[in-house]
Amino acid sequence: MDLRIFTEPQQGATYDTLLAVAKATEELGFDAFFRSDHYLHMGDVDGLPGPTDAWITLAGLARETKRIRLGTLMTAGTFRLPGVLAIQVAQVDQMSGGRIELGLGAGWYEDEHKAYGIPFPKEKIGRLEEQLAIVTGLWQTKLGDTFDFHGTYYDLTDSPALPKPAQQRIPVLIGGQGATRTPKLAARYADEFNMPFASVEDSEQQFGRVRAAAEETGRADELTYSNALVVCVGKDDQEVARRAAVIGREVDELKANGLAGSPAEVVDKIGRYAEIGSRRIYLQILDLADLDHLELISAQVQSQLG
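Residues numbered from 1 in each chain as written. Predicted model: local features only at pLDDT ≥ 70, side-chain atom pairs only at ≥ 80, totals over all residues. Heavy atoms only, no water.

Engineer: Pulling in residues and values, what's your account of unusual backbone geometry?
Structural biologist: The omega angle of the peptide bond from Leu 48 to Pro 49 is 10°, so this bond is cis rather than trans. Note that Pro 49 resides in the loop between strand S2 (32–35) and helix H2 (54–64). A cis amide bond, omega -20°, links Leu 73 with the succeeding residue Met 74. In this fold, Met 74 is placed in the loop between strand S3 (69–72) and strand S4 (75–76). Positive phi, close to 55°, is recorded for Asp 158, a residue that is not glycine. (Helix = DSSP H or I, 4+ residues; strand = E, 2+ residues; numbered from the N terminus.)

As structure tokens, then:
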């Protein structure tokens, strides 16, 4: 089981804060540092000092880390034109020496689009399908060839399909709880399917849908399955309660809907996700100043997972 650190910088974080978390992620032996792609805070926080851009952040971290994978859960398809996104991700992959992964989603948070003047189209899944075709198609086009795409939403003619990423294939992540279109998109384009903030039972059901779709496309053995879950671990009940209070959550709710409690409790619950085929857990860290939390998870949770 890989453990990856997943941050939500729109809730309030500077680049320097994210850099400190990414360096701790690397030093403590975690597999990867991922971040959300949002421009507006959510819930009862002020979001100060304001948003940081996902791909500018990852470009910086690409030069300031050496080992960990870097990526997004999920880049909002509404934020970037697919041709431009393909260039950005390929460049950051080069800057990292081939450590980038692209999580790409349709975009959903209408308020942030209104706040920053970003169009929020009604038909997002159809656009996402074309974006996936374009981004992966550009990367897969052989040097010297050109790429054309003529769809409902995007039109590319005689693209040189440059630059190329450092990796032969940048891993693409698709996630979500949609019962029909999401599994089909994952089966066609994804290297990894991620189930966000869901129970073991709901995850198992959705993994089954994706596996069935992947079997139809002949890719049943090609996908990795993963979960994203909020984490709140403590050496004792008092430490768990303190960490829960800092992020404005109740301990019982966190235990029901995430990974919370003692290291032993968290290891046990991760094991339940492993039993249904999950191979990676993205640990949603909501208090980015609490690097001791990461140290505890590394020493007493990750060490037990092999």
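Engineer: Kindly report on the packing of helix H6 (residues 181–189) against helix H7 (residues 200–216), identifying the contributing residues and their values.
Structural biologist: Across the interface, H6 lies against H7 with an axial gap of 8 Å and an inter-helix angle of 50°. Here H7 runs oblique to H6, going by the angle between their axes. In this structure, the crossing between H6 and H7 has a hand that is right-handed. Note on element contacts: H7 touches H6 through Gln 206, Arg 209, Val 210, Ala 213 and Ala 214, opposite Thr 182, Pro 183, Lys 184, Ala 186 and Ala 187. Grouping the constituent residues of the contact of H6 with H7 by class yields six nonpolar, two polar and two charged. (Axes fitted to C-alpha atoms, helices over the stretch in contact; angles between N-to-C directions. Parallel < 35°, antiparallel > 145°, perpendicular 65-115°, else oblique. Left-handed = near helix turned anticlockwise from the far one by under 90°. Contact = heavy atoms within 4.5 Å. Nonpolar A, V, L, I, M, F, W, Y, C, P; charged D, E, K, R; others polar.)

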